[in-house]
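Below, each chain spelled out in residue letters.
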Amino acid sequence: MSVLVTGGTGFIGSHTVVELLAKRYNVIILDNLSNSCRETVDRIEQIAGRAPQFVEGDIRDKSLIVNLLQDEPIEAVIHFAGLKAVGESVQKPLEYYKNNVYGTICLLEAMCAGGCKNMVFSSSATVYGSENRPPFNEAMPDGVTTNPYGTTKLTIERILRELYISDKDWSISLLRYFNPIGAHKSGLIGERPSGTPNNLMPYVSQVAAKKLKKLSIFGKDFDTADGTGVRDYIHVVDLAKGHIHALERVLGNSGLDVFNLGTGKGCSVLELVNTFQQVTGQKVPYSFEKRREGDIAECYADTSLAKEVLGWQAELGLEDMCADAWRWESRE
Ligand code: NAD
Ligand code: UDP
């Protein structure tokens, strides 16, 4: 069975392709390499012992996708491709809407033309906004997004819901990721932020590697146990495995579903930094700074739906996430 993976050379996509190959799916990656590199395909092959097909191209190139769908029967699309930097999205909103929203529309039109109506989509916990209270569950009303990136995710979710209402032949899984971190155990694939990282784990790793001087912890006055922000960090390999479960459900004509993919456990910035230092033996100097604009105090998932319906739950802990992130960082 063949699956098209858009954004398959990226951080989450590459780990998912490894899991798909292990499950004997044929994989065709479509990626424009705007935030990843070709070498990842070889590394995926090294891990999986089998190569995915790789097509360098853009999700906005409808005829390319229609041709791909005509060349061989592709049963489903796992759609990771998109721009994901919150700060950059505030500076370049049009690029984000064009790439993420318009890009997804092009992909959906090509899928309609090619007769493939099964999709797993990368959404985000950001759609819960700041009005809902954690643990976030899938039945909560949509939140108010606070940046163009978040709005693109919410908009795509709505497009997919409305598409499904219009045509029940579609089978769609909206996966709301919490905070994916870590890397593959082999140290061959992982997250490759361009420029200075914005997210906590890559920043911590680069401080430990002495590429950056010190970590700024944004806020120590949140209403949390130690005053620092709490997030639901999930190992990227667990997250990748969640996609296989979602794909299997989508292939069974499940209709439209929404699932949180998280661990259900909140972890503070200080807990993460302390665990990283213990597990790796590396020092991570830090100072407390003022809160980052738009940050909420706590964000963690209610994971019961994914457990019940998909039969999936995260297995790896914070120690694994830190050890694997550090192995990847120290190999780069
Ligand atoms: P990533 O940047 O590592 O991977 C995205 C991939 O998509 C890259 O390889 C990039 O080159 C490719 N791409 C971007 N625009 C494209 C286009 N128009 N056509 C073809 N390829 C294109 O990001 P990631 O962390 O792997 O995230 C994957 C998806 O998950 C994204 O949609 C992201 O918004 C979503 N997500 C990520 C996180 C996170 O913390 N990493 C959290 C929630 C949701
Ligand atoms: N954070 C921090 N310093 C950094 C980056 C992040 O203190 O350099 C904090 C941030 O305020 C939040 C947590 O780490 O409480 C996770 O931030 P990240 O950007 O990784 O994820 P998100 O905020 O999108 O959940």
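Residues numbered from 1 in each chain as written. Chains lettered and ligands numbered in written order. Predicted model: local features only at pLDDT ≥ 70, side-chain atom pairs only at ≥ 80, totals over all residues. Heavy atoms only, no water.

Peer 1: Got a minute to help me understand the environment of Ile65 in this structure?
Peer 2: Secondary-structure assignment places Ile65 in helix 3 (residues 62–71). Exposure remark for Ile65: the relative accessible area of 0% places this residue in the buried category. Ile65 sits 45 residues away from Ala110 along the chain, and the two C-alpha atoms are 6.0 Å apart. When residues no more than four places from it in sequence are discounted, the contact partners of Ile65 are Leu4, Leu30, Asp58, Ile59, Leu107 and Ala110. (Helix = DSSP H or I, 4+ residues; strand = E, 2+ residues; numbered from the N terminus. Buried < 20%, exposed > 50% of the residue type's maximum accessible area, 1.4 Å probe, protein only. Contact = heavy atoms within 4.5 Å.)

Peer 1: Teacher, can you tell me more about the pattern of salt bridges here?
Peer 2: Side chains that differ in sign of charge can pair as their charged atoms come close. Within the structure shown, the criterion is met by 18 salt bridges. Glu39 serves as the salt-bridge partner of Arg43, at 3.0 Å between the closest nitrogen and oxygen. With a gap of four residues between them, Arg43 and Glu39 both fall in helix 2 (residues 39–48), about one helical turn apart. With a relative accessible area of 16%, Arg43 lands in the buried category. Notably, a salt bridge pairs Asp324 with Lys185, separated by 3.0 Å at the nearest N-O pair. Of this pair, Asp324 sits in helix 11 (residues 318–331) while Lys185 is found in the loop between strand 7 (179–181) and helix 7 (200–208), placing the two residues 139 residues apart along the sequence. Looking at Asp324, the relative accessible area reads 1%, which means it is buried. A cluster of three or more residues bridged by salt bridges with shared partners is formed by Asp142, Glu157, Arg158, Arg161 and Arg176. (Salt bridge = Lys/Arg side-chain N within 4 Å of Asp/Glu carboxyl O.)

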